[in-house]
Amino acid sequence: MADSILSAAPKALALGLTLALGACAVGPDYVKPDTAAPAQFARADANADTAASTGDASAPAADDAFWARFGDTELTALVEQALAANNDLKVALAHYERANAELRGAKFDALPVITASANGQDIRSSADQLPGVDRDGRDTKSYDAGVGASWELDLFGRIRRSIEAGRADTAASAADLAAAQVAIAGSVARTYVELRGLQERLRVAQDNAANQRETLQLVDARVGAGGGTDFDSARARAQLETTAARVPALEAQIAFAMHRLAVLTGRTPDALIAELQAPVALPTLPERLDAGTPGELLRRRPDVAAAEQRLHAATARVGVATADLFPRFTLGGLLGTQAVSTGSLFERDSETHLLALGVDWSFLDVGHVRARIAASGADAEAALAQYRQSVLLALEDTENALVRYAKARAEDAQLERAATDSAEAARLARVRYEAGAAGLLEVLDAERSRLQAQDAFADARTRSVTGAVALYQALAGGWPQHVPQREGIAQR
């Protein structure tokens, strides 16, 4: 009998291997969907016109570290600190590591499961169980040890489709991590630029308040000399107080920006106050930004890549569900030894073995299986729609960023001239007032116009630089990948 089992074992094993190697994977194979993308961006000309006005033909590559393009060492340091310590990035990294671990686990499903066991028993039966047998005769001992193995033969691709889905999920998590890096770097850069813009607006308000204070002193001196009225003094004082009232609100916004930057870099809100308190000029605008083509953009955007990988995973899971329509074949085996004493365990006549080919097929549950297949198909359709939507949103984001940047620069240039002219007008009005050729109302109106124009220019310049940041962020080049996904994140 043992010889017949031994002779059948190689045949069963060979049959199992043949079936496994010749198996096919049921369910649809993933094919990347076609995406209708224009040959070029419709709004790229607006950016090109702005670039041409600067007389510079060079364009930074979209996959360069954009923060270095602004010539601000403080900005560069903050972005790199955030990429190394931001807690949202740690969350994204943990999700990526989890997906990797689950993929490794899924791959083990394709391998045989090997187990080892050992057992020893000392059993005494009762006199009723063994009547007529003395006490010593009712004592029995047995010992056994063995190594077993079971292997699901993946004839219809259930395991392979599961591994395929896990691999796509892992790629999606990696793309999510890259997208988080894009978002964090963009948030740091935008907040930093807004901080410097607010500090410039605060300087403008304080300078104008100082000028208006001098005007009030001049008016008070005239009133004291009998050359003016209390009405003139009240009007000048009211304008000064209105300008001074801008300062607390701007100081609050500056504090908020400092707190945000500290948290983005993984520190407590007060950590950067001393470092960022001193005003610094706004980062320098890049001379030209080249958006490339929509096709290049879609290959770079990590959010589009993540959506595509999730579509791939959803397609593979249709195959996982479809495989349940077919039987599962399992090849099992056991090699062991059994004896009534430990000294006899490994003798030749104590050996035991088993080789089995099992079939498991819940063919009467086909209604549930088909329902799961339909649900998986619906998930795949939703993932396809989400992928197409992510493509459209990426194109929209970039078109909007191109327009916003170009128009902000045009507005910036006009408001710069307005600020210069209004400052000159205020100076001339003061000279004319001191010479008695103009009234106080003319001076106050000119000073009010100067404040508005200079504040508007500072705000427009800030929006120009944040527009450049938004465009770089929309282009989402390969620049985050220069930070290692594991070592670049601070140890948890």
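Residues numbered from 1 in each chain as written. Predicted model: local features only at pLDDT ≥ 70, side-chain atom pairs only at ≥ 80, totals over all residues. Heavy atoms only, no water.

1. Digging into the overall build of the protein chain
For the protein chain, the count of helices and strands is 12 helices and 4 strands. Taking all 492 residues of the protein chain together, the buried fraction comes to 39%. By sequence separation, contacts in the protein chain at least 24 residues apart represent 85% of the contacts at least 6 residues apart. Summing over all exposed atoms, the protein chain offers an accessible surface of approximately 25700 Å²; the carbon and sulfur share of this is 55%. (Helix = DSSP H or I, 4+ residues; strand = E, 2+ residues; numbered from the N terminus. Buried < 20%, exposed > 50% of the residue type's maximum accessible area, 1.4 Å probe, protein only. Contact = heavy atoms within 4.5 Å. Areas by Shrake-Rupley, 256 points an atom, 1.4 Å probe, with all protein chains shown as cover.)

2. A look at the environment of leucine 325
In this fold, leucine 325 is placed in the loop between α10 (302-322) and β3 (328-339). Residues leucine 325 and glycine 367, spaced 42 residues apart in sequence, show a C-alpha to C-alpha distance of 9.8 Å. For leucine 325, the contacting residues outside a window of four places in its chain are Trp361, Val366, Val369, Arg370 and Ile373.

3. Looking at the packing of aromatic side chains
Scanning the model with the defined rule gives 5 aromatic pairs in all. Ring geometry for phenylalanine 66 and phenylalanine 70: centres 6.3 Å apart, planes at 85°, overall edge-to-face. Relative accessible area serves as the criterion here: at 0%, phenylalanine 66 is assigned to the buried category. The ring centre of tyrosine 433 lies 4.2 Å from the NZ or CZ of arginine 222, which sits over that ring. (Phe/Tyr/Trp six-rings, centres within 6.5 Å; stacked < 30°, edge-to-face > 60°. Lys NZ or Arg CZ within 6 Å of the ring centre and 35° of its normal.)

4. Quick notes on the pairing of strand β2 (residues 139-153)
Bridge count between strand β1 (residues 113-124) and β2: 12 bridges; the pairing is antiparallel. Across the sheet, threonine 115 pairs through a bridge with glycine 148, a residue of β2. Where β2 and β3 come together, 11 bridges link them in antiparallel fashion. Counterpart to valine 147 in the pairing with β3 is leucine 335. (Pairing = 2+ DSSP bridges.)

5. Topic: the pattern of salt bridges
Evaluation of the coordinates by the stated rule reveals 27 salt bridges. For glutamate 411, the salt bridge goes to arginine 463, with nearest N and O atoms at 2.9 Å. Of this pair, glutamate 411 sits in helix α11 (residues 366-434) while arginine 463 is found in helix α12 (residues 440-475), placing the two residues 52 residues apart along the sequence. (Salt bridge = Lys/Arg side-chain N within 4 Å of Asp/Glu carboxyl O.)

6. Description of α12
Between its first and last C-alpha atoms α12 spans 52 Å; for 36 residues at 1.5 Å apiece the expected length is 52 Å, and the two agree. Backbone geometry just after α12 places alanine 476 at a positive phi near 45°. (Expected span 1.5 Å × (residues − 1).)

7. A short note on the nonpolar core
Counting 64 residues, the largest nonpolar core has Phe66, Phe70, Val188, Leu261 and Leu276 as its most contacted members. Elements with a contribution of two residues or more to this core: α3 (73-85), α4 (87-108), α5 (158-224), α7 (246-264), α9 (294-300), α10, α11 and α12. Tallying contributions element by element places α5 first for this core, with 13 residues. Apart from the residues lying within four places of it in its own chain, the contact partners of phenylalanine 70 are Leu75, Pro283, Thr284, Pro286, Val465, Ala468, Val469 and Tyr472. (Core = buried A, V, L, I, M, F, W, Y, C linked by side-chain atoms within 4.5 Å.)

8. Comments concerning the packing of helix α6 (residues 230-244) against α12
Taken N-terminus to C-terminus, the directions of α6 and α12 make an angle of 5°; their axes are 10 Å apart at the nearest point. Here α12 runs roughly parallel to α6, going by the angle between their axes. Only Leu440, Leu441, Leu444, Glu447, Arg448 and Leu451 of α12 make contact with α6, whose side of the interface consists of Asp232, Arg235, Ala236, Gln239 and Thr243. A class-by-class count of the residues in the contact of α6 with α12 yields 5 nonpolar, 2 polar and 4 charged. (Axes fitted to C-alpha atoms, helices over the stretch in contact; angles between N-to-C directions. Parallel < 35°, antiparallel > 145°, perpendicular 65-115°, else oblique. Nonpolar A, V, L, I, M, F, W, Y, C, P; charged D, E, K, R; others polar.)

9. A word on the packing of α5 against α7
Contact geometry for α5 and α7: axes closest at 9 Å, N-to-C directions at 160°. It follows from the interaxial angle that α5 and α7 lie roughly antiparallel. Crossing hand, α5 versus α7: left-handed. Within the contact between the two elements, α5 uses Ile184, Ser187, Val188, Thr191, Tyr192, Leu195, Leu198, Gln199, Arg201, Leu202, Ala205 and Gln206 and α7 uses Arg246, Val247, Leu250, Glu251, Gln253, Ile254, Ala257, Met258, Arg260, Leu261 and Leu264. Grouping the constituent residues of the contact of α5 with α7 by class yields 14 nonpolar, 5 polar and 4 charged. (Left-handed = near helix turned anticlockwise from the far one by under 90°.)

10. Some thoughts on the sheet that holds β2
Read across the sheet, 4 strands follow the order β1-β2-β3-β4 without closing on themselves; strand pairing throughout is antiparallel. Looking along the sheet, the strands with just one partner apiece sit at the ends: β1 and β4 (351-360). Here the average twist between neighbouring strands, direction ignored, is 20°.

11. Looking at the environment of serine 344
Following the sequence through the fold, serine 344 ends up in the loop between β3 and β4. Separated by 201 residues in the primary sequence, serine 344 and tyrosine 143 have C-alpha atoms spaced 9.1 Å apart.

12. Remarks on the confidence of the model for the protein chain
The pLDDT averaged across the protein chain works out to 84; a share of 88% of its residues lies at or above 70. Mean pLDDT across the elements of the protein chain ranges from a minimum in helix α1 (residues 2-21), with 48, to a maximum in α7, with 97. For residues 49-63, every residue scores under 50 in pLDDT, and the model assigns this stretch 24 contacts once sequence neighbours within four places are set aside. A low-confidence stretch, residues 478-492 stays under pLDDT 50, and its non-local contacts, those more than four residues away or across chains, total 43 contacts. (pLDDT = per-residue confidence, 0-100.)

13. Here's the deal with the environment of alanine 356
Mapped onto the fold, alanine 356 is located in strand β4. Residues alanine 356 and serine 150 lie 206 residues apart in sequence; the distance between their C-alpha atoms is 9.2 Å. When neighbours within four sequence positions are excluded, alanine 356 is seen to be in contact with Thr330, Leu331 and Gly332.

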